[in-house]
Structure formats: structure tokens, C-alpha cells
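Understanding the architecture of this molecule
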Amino acid sequence: MTERDKIFSRIRDALKTASPKPGSHHLGHHPTAQQPDSLTAARTAASGARDWLPSVGHTEAEWITLFTKNSFDLRTSVIVAADAGAAHRQLRALSEAEGWARVATHGHGIAAGASAALGLNQINTDGGYDVHALERCDAGISGCDALIAQTGSILLTTRSGGGRALSVLPPHHVVIARLDQMVPDLPSAYELLHHTYGPAQWPSMITIITGPSRTGDIERILVLGAHGPKKLTVILY
Amino acid sequence: MTGNATQFQNDADRLTSDLTHRQRIQSAMTKYYAARYPRQAIFRDWQEGRQTAAETKWAGINELDKHLAEFEKNAVSRGTSVHWTSTSEQARQVIVDIIRRHNAQRIVKSKVMTSEEIHLNQLLESLGFEVVESDLGEYIQQLKNEPPYHFVFPCMHLSREEISDLFENHLGTAQTHDPEALTMIARDVLRKKYIEADIGITGANFIVAETGMISITENEGNARLTAALPRVMITLVGIEKILPRLADLALFLPMLATAGTGQPLTCYNTMYGGPRQPGEVDGPEEWHVVFLDNNRTTLLADPEQRDALHCIRCGACLNVCPIFKNVGGFSYGTTYQGPIGSVITPHLRGLQDWKHLSSASSLCGACTETCPVKIDLHHHLLHNRRNAVAEKPGRLESLLWQGFTFLMKRPWLYQTGLRVGRLLQPLHGLVKGDILDPARAWTKSRELPEIAPVSFRDYWKNRPLVSAGDRKGGPP
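Definitions and limits used
- Residues numbered from 1 in each chain as written.
- Chains lettered and ligands numbered in written order.
- Predicted model: local features only at pLDDT ≥ 70, side-chain atom pairs only at ≥ 80, totals over all residues.
- Heavy atoms only, no water.
- Pairing = 2+ DSSP bridges.
- Helix = DSSP H or I, 4+ residues; strand = E, 2+ residues; numbered from the N terminus.
- Contact = heavy atoms within 4.5 Å.
- Axes fitted to C-alpha atoms, helices over the stretch in contact; angles between N-to-C directions.
- Buried area = accessible area lost by both parts, 1.4 Å probe.
- Polar contact = N/O pair within 3.5 Å; in protein donor to acceptor, adjacent residues only side chain to side chain.
- Nonpolar A, V, L, I, M, F, W, Y, C, P; charged D, E, K, R; others polar.
- Salt bridge = Lys/Arg side-chain N within 4 Å of Asp/Glu carboxyl O.
- Buried < 20%, exposed > 50% of the residue type's maximum accessible area, 1.4 Å probe, protein only.
- Domains from an automatic or database assignment.
- Expected span 1.5 Å × (residues − 1).
- Right-handed = clockwise from strand over helix to strand, strands pointing away.
- Parallel < 35°, antiparallel > 145°, perpendicular 65-115°, else oblique.
- Left-handed = near helix turned anticlockwise from the far one by under 90°.

Things to note about the sheet that holds strand 6 (residues 153-157) of chain A
With respect to topology, 8 strands assemble into an open sheet ordered 8(A)-5(A)-6(A)-9(A)-9(B)-6(B)-5(B)-8(B), the strand pairing being mixed. Sheet topology places strand 8 (182-183) of chain A together with strand 8 (242-243) of chain B at the edges, where each strand pairs with a single neighbour. Across 2 bridges, strand 5 (residues 146-148) of chain A lies against strand 8 of chain A in parallel orientation. Bridged to Ile-148 of chain A within strand 8 of chain A is Val-183 of chain A. Of the strands in this sheet, strand 9 (205-209) of chain A together with strand 5 (206-208), strand 6 (213-218), strand 8 and strand 9 (268-272) of chain B are in contact with helix 12 (residues 249-261) of chain B, which crosses strand 5 of chain B at around 175°.

Take a look at the structure:
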């Protein structure tokens, strides 16, 4: 008998007695709460999550406003540009203001285009890269799968974000995105993931980035750039 | 009393009267409350969210075998190696074998509470490997050679001055009392470690059955770097972290962040579904998921307390607990502190050795009320007390009850006792609270009520007789 078999047999023995439904006395008081009749029903309860999460509004304009407000609270810079050309100019202005010498990017359509317009030394992570060289870059410029208004987050995978390290190793992460990549809330972000990658094309890493890297470990005082980027900028058009 | 109980009582005694220590906790917790409650209020319905979260975990745990098998099938299909371990010893052995097979020397770790449970660092260091904790708080605790003080805020008991001294002693850096400068010192040291490391070890906050992924919640980016740069990734995780579906995270991630730190979401919530896939540019060549039981199935076999396995380790029950706020994290002597630790440790490590923690509670229920997955924590503390006595009745306690019964059945003895007590009580002042005082556990910080000069029985026997007409004034 393998250790796996032993663990599974202990689990099956333990589960012979069912445990009571959590807080069942509380059910039924809320108009939209469903009384789950079985485990299967309970499993679908999660689809109700949207009703409990913070409000997001109904129109794209409201989502963009909410995303911008949340980003401000998180210390993410958001730049809304009129078109691709304006976005490239904004990126160049950022590069000049910070005096970038080297940047890293990947073959993602709009991120690669914007980076090329900078005319700087570039690493493209697509063909593999030297980790020391990536660490010396002033900025990592990537695309993303979606922006999430509810939490001011960026949804990114190894495919839309140039691998695992591009968006976390350089000190400044810049995301280039289109306004139509905005989704209202977290449940829609997961629906989008299923639609894009499921059931058989899952990337090995999916991350939801909510603000620049931070820590509060010393006296609960906020410090940005604990290990990941100190700055996070989203350029939208 | 067991050694653990004595240690708990001594440490609790000492730390409760340490005002600097209490002030540190108070200050950290004040910041937590200020962040958390407004954040919770933004939810359209936090209470229904808790109910949904509780039901989701309940569904996951009550079909744990099915969901774990589903995870394994999905993860293995993308080239992940899945290992099953029943004990700490087995988990340590599996991890050491992987490290040795790769001739690895340098190991970088992101926060893994289960590795504290199996004392992994001590073993790896004793075998001559370099192990570095990369979470800032964990790194500070590693330099200090102490376990985490709180499983979400590992070094909340330290001041910036103490951290500056620590860095000066271990890293030779100049004194600074600026939290940002201190953080940058650690950032510089640890950047090199990620790049040089052969092996990255992570934990997991959730196991997603549907897609064969794990999810890691963090703020610093250290887990992302640990999972990106080393050529082998090992994830050590308890079998109870299961969620049936990927979309369940849409509720659990914001609830964990809100209850844990008062954030809308923590900075990075990352789902890993395999080692580097064809066409991907980086990531580990191998990913090993090591599942740990370590008596979780013992807790699973107790339907009354099974919901304790729903815990998502947000730490909220510690933050609101009046006991934790007085005795601090180290007094518990456990990997998981506070109410959840007091509930689960007796199941994980032995009821008789850890039952004392279930008595260290005012049963106020603040833990149950704050828990985002509605674990019935304060009732479980009562269940542990009941189970401990049922399993092994206390001899002293049953003797006391026998004596009490004997006394109460004999009024003459009770009366005599009262009279003697009344005469002797003034003498109690001479020994009150010291070693000769039989009731010192109670009286060292409290006053015993004075025995009334006349008992009710005596008063009634000798009461002045009144006529029916004088009654309206009531008794004198």
C-alpha cells in the first residue's frame, strides 16, 4: 500500500460521517440565498460571489473610473492615452523622466510596439534571456490579459506577460493595455481565463497584480518595492 | 500539568505584565482594525460572502478525496510531480531526496507555514544546505533564530530599532531607523539569493481541484521570484487547502486579503499550474507538489470540529482575540497561534499535551464572529475541554467535586466550615498570593469576597418577628 493509498483510505474513513452544513440556521433570511440541498448545489453557491463583492457599476465608463480610483489608492500610475501613437509618446516621456537605459519586453503586439518606439537597448524575453541582464533592466514592459476594475488589478499570464519574471524582476513594471481589456469584477476575470485558456491550454502561471510590490512587516508601516517592482504604471488607450 | 502547559503559563504571566510588549501588539492591531473594517464595509454583503465561502470549503472538505484526485490528475497531465506524505518525517525525506537528486546547494524559500510545522529549515541547515527565507518578516525571524511570532505578521513584536541592530550584527549594515531603508537592505541581499538559488520552496494558500493549480497570496513578490528563477520548485502544502473550482478564488482572494490585512486584494495572487510548459520562456524545469497530512485526517475524522479544516490562515482570529493581545504569539508554543491554533493543535499534536490552550479563552466569541469562513472556533474550544476530560478525567478535579458533594450533603459541616472560615479569613491576608496560599492562582491578581458576618441561615433563625401590618416596608 503506497502512502497515497493510506492517506486516501484515512480520508474516506473519516468522511463516512458527514459534517453539518456550516451556519445552516443562517440560511433563508436573504432573498437571493439558496438553501443547498447537496454538495453539488453548495458548489454552485460560489457563482453567487458576485452579489456579495464590492459594487462596480454597470457601464464601461464607470469601470474605468473605478479602476483609476483603485489604482490611485494602490499607488499604481494610470495614464489614459488617445491612441497607440499617444501611448508610445507617454511611454517615451516616462523613459526620459526616469532616465532608462535598458528595458525588457516580449513579443506581445502592443507592448513590443511601444517598446520598439523607445529606441533603447532591449531584451526580448521570448527567446529566453539571461537573468542577470533582466535584473539590470530599468523597466519591464508587458501586455496583459485584462484589467479588473473592482480591485484595480492587472490579470497577466506567462503568455500575455512575457514569462514569469519580466513583470516582477525589473524595478518598474509598465503594462500597455487597451481600454476594451477592462473587466468589471473578479468573477468576470475568471470567466475570461476559462474562455481564453480552458480546458487544455492553461499557462503554467497566472497572476493578479494589485499595485506595486509592498510590505508592512516592519511596524506595519507601508514600504513599496519589497522584492518586486517599486513602481507600476498602466498605459491605456 | 504538562511541560507545555507550564511553559504557556510562565510565558503568559511574564508577557501579560510586559507593557512594552503589549503596547507593540496594540499598536500593530490598531493599524489592522483601521484597515480592515472599512474594507469589509465595501462588500455588498460580507455576511453572505462568509456563508458562501463556508459552504464552498465545506463542499471541498467533505469530498476531499475526490478533489485531491482531480487536482493530481490535472497537475500531472502538465508534468507536475505529486508526492503524498503522512508525517513530518516523510515530508522532510521527500524534500531532501529532491534536493539531493539535483545536487543542489542553495535553497530560497517563500513563506511556508507547513515547513515550520515539519521543522524543515533546521533539518536542511543541519545537512549543510544554505536555506534563506525571502519574505521580509520571515527573513528577520530567521536572522533572529526565532519562529514566526504571528503566522501572518511574523515579526510584529519587533521595533525598527531591534531590526536595525539585527541587520547590523548579521549583515554589517549601518544603523537606520527608516523602515524603507531597512526593507531595501533585505531586498538587496535577497535579490542575489533568488538568482543564485538552485531550488525554490513555496507554500500554497489554495489547491484548485478543477484545474490542478495552486494559488499563492503575497504582497512582496518574493514568492513570484522563488517560483520564477530557480530550476526546481517545490511546494509543500497541507491536504486541506482544497477549493473545488478556479472561480471560487473570485470570492476567497478578496476575503482573505480583507480579513488578513485589510487590503482589497494582496499585491500578488498567483496561480501555478505546472513547471515550464512548451513555448514558455522561464520557470522551473520541475515542479514538485508535496502534500502533507500530519494528522489532518485525525481532525477530518471529527465531524464536530471538521470545519476547522476550512481555515484559510488569514490570522483574523488572532487579531481580535483578547488572550492573544495579552499573551502574544510565542506563549502558545505552537506553529499556529491564537484561537485557530488552540483548536487544531490538540488534533495535530495530541489532546492531553495541548488541551491547556483551550482553557486560555474568555469564550467571548470574537474569533468566531470575525472568521471569514465561519469556523465555530469558541465552541470548538469547549469541545476540546470536554473531550480532554472525557478521555482522561482530572484526578484533582474529581477529588474536589467529591469533597464539595460531601460538604453540601452535610449542613452541619457546611455551617461549621463557614464559622471557621470567618475566623481564619483575616489571616489569609498574611499569605495572599504567595506560595503558602492554597488559592494563589486566583488570588494573586484578585480579591476574595469577604465571608458575610452573619449567614442567611443565622439571620433567618434570629430575625425580628414582625406583625402582618408592618410588612409593607419589606425586610430591614
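Looking at the sheet that holds strand 4 (residues 199-202) of chain B
All names here are of chain B. A sheet is described by the order of its strands in space; here 6 strands give the open sequence 1-10-7-4-2-3, paired in parallel fashion. In the strand order of this sheet, the two ends are held by strand 1 (81-85) and strand 3 (130-133), each with one partner. Each adjacent strand pair in this sheet contributes to an overall mean axis angle of 20°, direction not counted. The pairing of strand 2 (residues 106-109) with strand 4 spans 3 bridges and is parallel. Along strand 4, the bridge assignment pairs Lys-109 with Ile-201.

A word on the interface of chain B and chain A
Each side of the interface is counted separately: chain B has 105 residues, and chain A has 84 residues. Summed over both sides, the interface between chain B and chain A buries roughly 8,300 Å², with carbon and sulfur atoms accounting for 62% of that surface. Put simply, chain B and chain A have 48 residue pairs in polar contact (both at pLDDT 80 or more) between them. In terms of residue count, the dominant contributor to the side of chain B that touches chain A is helix 3 (residues 46-62) of chain B (11 residues). Of the residues in the side of chain B that touches chain A, the class split is 51 nonpolar, 27 polar and 27 charged. Two strands pair when backbone bridges link them, and strand 9 of chain A and strand 9 of chain B are joined in this way by 5 bridges, in the antiparallel orientation.

Considerations on the pattern of salt bridges
Summed over the entire model, instances satisfying the criterion amount to 28 salt bridges over all chains. Arg-191 of chain B is the salt-bridge partner of Glu-135 of chain A, the closest N and O atoms lying 3.1 Å from each other. A residue pair is termed interchain when its members come from two chains, as with Glu-135 of chain A in helix 7 (residues 131-135) and Arg-191 of chain B in helix 10 (residues 179-196). In this structure, the salt-bridge partner of Glu-304 of chain B is Arg-386 of chain B, at a minimum N-O distance of 2.6 Å. Here Glu-304 of chain B, found in the loop between helix 13 (296-300) and helix 14 (316-319), pairs with Arg-386 of chain B, found in helix 20 (residues 377-391); they are 82 residues apart in sequence, far enough to count as distant. Using a relative accessible area of 34% as the deciding quantity, one classes Glu-304 of chain B as partly exposed.

A short note on the domain arrangement of chain B
For interface size, the figure often reported is the accessible area lost on association. Each assigned domain of chain B is listed here: domain 1 (43-294) and domain 2 (413-467). A straight line from the C-alpha centre of domain 1 of chain B to that of domain 2 of chain B covers 58 Å.

Here's the deal with helix 4 (residues 64-77) of chain B
The end-to-end C-alpha separation of helix 4 of chain B is 20 Å, in line with the 20 Å expected for 14 residues at 1.5 Å each. In the segment just after helix 4 of chain B, Gly-79 of chain B is the residue with positive phi, at about 95°.

A closer look at the pairing of strand 2 (residues 102-105) of chain A
Working note: regular strand, side chains alternate between the two faces of the sheet. Residue and element names in this part refer to chain A. By the bridge criterion, 4 bridges tie strand 2 to strand 3 (residues 121-124) in an arrangement that is parallel. From the neighbouring strand, Val-103 faces strand 3, where its bridge partner is Gln-122. The parallel pair strand 2 and strand 3, bridged by helix 6 (residues 109-116), forms a crossover whose chirality is right-handed. Pairing of strand 2 with strand 4 (residues 139-142) involves 2 bridges; the strand directions are parallel. Across the sheet, residue Val-103 finds its bridge partner in strand 4, namely Ala-139.

Some points on the packing of helix 8 (residues 186-197) of chain A against helix 12 of chain B
Contact geometry for helix 8 of chain A and helix 12 of chain B: axes closest at 8 Å, N-to-C directions at 135°. As summarised for this structure, helix 8 of chain A and helix 12 of chain B are arranged oblique, according to the angle between their axes. Judged by the sense of rotation from one axis to the other, the crossing of helix 8 of chain A with helix 12 of chain B is right-handed. Two secondary-structure elements touch here, helix 8 of chain A through Leu-186, Pro-187 and Tyr-190 of chain A and helix 12 of chain B through Leu-249, Ala-250, Leu-253 and Pro-254 of chain B. Class assignment of the residues belonging to the contact of helix 8 of chain A with helix 12 of chain B gives a composition of 7 nonpolar, no polar and no charged.

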